Each structure stands twice: as structure tokens, then as C-alpha cells.
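Structural description and commentary
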Amino acid sequence: MSSFNGFPKDTLKFLSALAKNNNREWFAENKQRYEESVLLPALSLIECLRKPLEKVAPMLTVEPKKSGGSLMRIYKDTRFSNDKTPYKTNIGIQFRHAAGKDVHAPGVYLHISPDECFFGGGMWRPDSTALQAIRAAIERDPQSWNKAIKNKRFRETYELYDDRLKTAPRGVDRNHPLIDDLRLKSFLGMCPLSKAQIESPQLLGDIPLMVKAAAPLMDFLCQAVEQPY
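Summary of the structure given here. (Residues numbered from 1 in each chain as written. Predicted model: local features only at pLDDT ≥ 70, side-chain atom pairs only at ≥ 80, totals over all residues. Heavy atoms only, no water.)

What follows covers the overall build of the protein. Scanning the protein from N- to C-terminus turns up eleven helices and five strands. Its C-alpha atoms give the protein a radius of gyration of 19 Å, near enough to 17 Å, the size a compact globule of 229 residues would have. On the principal axes, the C-alpha backbone points of the protein span a range of 55 × 40 × 30 Å. Here the protein holds 229 residues, and the buried ones make up 44% of them. The contacts in the protein between residues at least 6 apart in sequence include a share of 63% that link residues at least 24 apart. Just so you have it, the protein exposes about 12700 Å², and 48% of that area is on carbon and sulfur atoms. The averaged location of the 27 negative side-chain charges in the protein is 1 Å from the averaged location of its 34 positive side-chain charges. (Helix = DSSP H or I, 4+ residues; strand = E, 2+ residues; numbered from the N terminus. Rg over C-alpha atoms; globule rule 2.2 N^0.38 Å. Buried < 20%, exposed > 50% of the residue type's maximum accessible area, 1.4 Å probe, protein only. Contact = heavy atoms within 4.5 Å. Areas by Shrake-Rupley, 256 points an atom, 1.4 Å probe, with all protein chains shown as cover. Lys, Arg positive; Asp, Glu negative; His and termini not counted. Charge placed at Lys NZ, Arg CZ, Asp CG, Glu CD.)

Put into C-alpha cells, the structure is as follows:
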């Protein structure tokens, strides 16, 4: 049975070194270090979260696989990017909604990098259909929206990610009382994490609590896109 004892102290050191040596030769020479400091602890964390997350958020998918699961690939898709460095310099773990196909689906996300570590819950840059449905739900039921983002547990854990249009969306009155929320492009609660939290076994217990705290927002968003939560 897998166990999780926190990410090792070398995890952030490895990611920092990778940022300075982002090439295939260096990565090949440090492949074992990558597996010991990044891959194996990340997969152990995901495996250990299966049952806890099944209890608090059964619609989230928890898949401890090297590829195609909850752990996001370290290999970058450079086809359409000017930055041709081959590797990501962070750990990304996403538990997305069972109905979702990609990172834009409702879900929760753990980000670990030398620059910042955080946990997020909600939807990042939903597609146009989902975005219109969410904005329509906010306009139709502002009370439920406010109840979601002003929930005590949510506010104590998260701040809304400030990812907004510069002006009002098409067809929305710029004087609308909820215009700041209707300008949102992402609907995410963000919770910063410390290095000590990342390296502690307690992270395994903290994540289900953060998932529970994200429930009011997740429930609102899933209802808006007609999915159960």
C-alpha cells in the first residue's frame, strides 16, 4: 500500500535546477532524481487521496498514473510556443470532474514550484459555452452566487483568482451590480501553500479539507453547467 510522507526537501531543489538546465541531456542524467523527488511522491499522494476525496467530492477523478491521470505531464507541448524548452518546471496535479476532458473542467488543482505553491478549486478559463452558462447563472441567481463565494469556510481558505476582462462582457450592462464578477474569465478560489506544508505528511490531510472548503463554489459552477457535484 502506498504512503505519503510529504514531498522530499529535494523536490523544490530539483525543480530549481531543472529551470536552470532545461534540456534533454541534463534531464536524462537526472532522471532517477526526478523519479525519486517528483514522480514517486506525487503518485503516492494521489493514490493516498483516492478514498478521502471519494468521501468529500465523489465526482472528482483521482487517477495515480504516470501519464493520462491526475498528474500532469512534465513534458511541454512546444508546437505552438516560442519557448522551446522541453520541460515544465512545476508539479501540477489536477482532480477534475468526471465529466470533464481537460484542465478547463470543474476541479481542484495542486501547484508546486520554487516560485509559488498553491491549491485551487473551481474552473480555469472555461470554454465559451460554459462561460456563458456561468455568467447567466450569476445574473439569474445572484443570491446563490454570493452565498457560494461568501461562505465562511470558503472565505477563510480562498481568495478569488483575479482573472477578469478589462470591460463588461458583450451584452452585459457595465453598471450591473455584479459587474466585477461577471467580468471573470476564470472562477477559481486560490489558497497559497508554504514550503513547510508541501514537505509535511499533513498535506495529505489538508487537501480534503481544502476540497471541502471549495464545495460552495464547485457546487454553483457544476449546477451552472448542468453537472452533478
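Read on for the rest.
Now for unusual backbone geometry. Despite not being glycine, Arg125 has its phi angle at roughly 45°, a positive value. Positionally, Arg125 belongs in the loop between strand E3 (117–123) and helix H5 (128–140). One non-glycine residue, Glu226, adopts positive backbone phi at about 60°. If you trace the backbone, Glu226 turns up in the segment after helix H11 (215–224). The exposure class assigned to Glu226 is exposed, which follows from its relative accessible area of 71%.

Within the structure shown, the criterion is met by ten salt bridges. Between Arg33 and Asp10 there is a salt bridge whose closest N-O contact spans 2.8 Å. One end of the pair, Arg33, is in helix H3 (residues 31–48); the other, Asp10, is in helix H1 (residues 10–20), with 23 residues separating them in the sequence. Classification of Arg33 by relative accessible area gives partly exposed; the value is 26%. Salt bridges linked by common partners bring Arg125, Asp163 and Lys185 together as one network. (Salt bridge = Lys/Arg side-chain N within 4 Å of Asp/Glu carboxyl O.)

Note that Arg183 resides in the loop between helix H8 (179–182) and strand E5 (187–193). For Arg183, a relative accessible area of 18% gives the class buried. Those residues within four positions of Arg183 in sequence are excluded, and the remaining contacts are Arg135, Asp163, Arg164, Leu165, Lys166, Thr167, Ala168 and Pro169.

All right, on to the state of the cysteines then. One pass over the full model with this rule turns up zero disulfides. Here Cys48 is not cross-linked by a disulfide; its sulfur's nearest cysteine counterpart is in Cys117, at 19 Å. Judged by its relative accessible area of 17%, Cys48 is buried. The closest cysteine sulfur to the non-disulfide-bonded Cys191 is located on Cys117, 11 Å from its own sulfur. (Disulfide = S-S within 2.5 Å.)

On the basis of which strands lie adjacent, the open sheet formed by five strands has the order E1-E2-E3-E5-E4 and antiparallel pairing. The sheet is open, and its two borders are formed by strand E1 (91–96) and strand E4 (159–160), each paired with just one other strand. Taken together, the six bridges between E1 and strand E2 (residues 107–112) define a ladder with antiparallel strand orientation. Among the inter-strand pairings, Gly92 is bridged to a residue of E2, identified as His111. (Pairing = 2+ DSSP bridges.)

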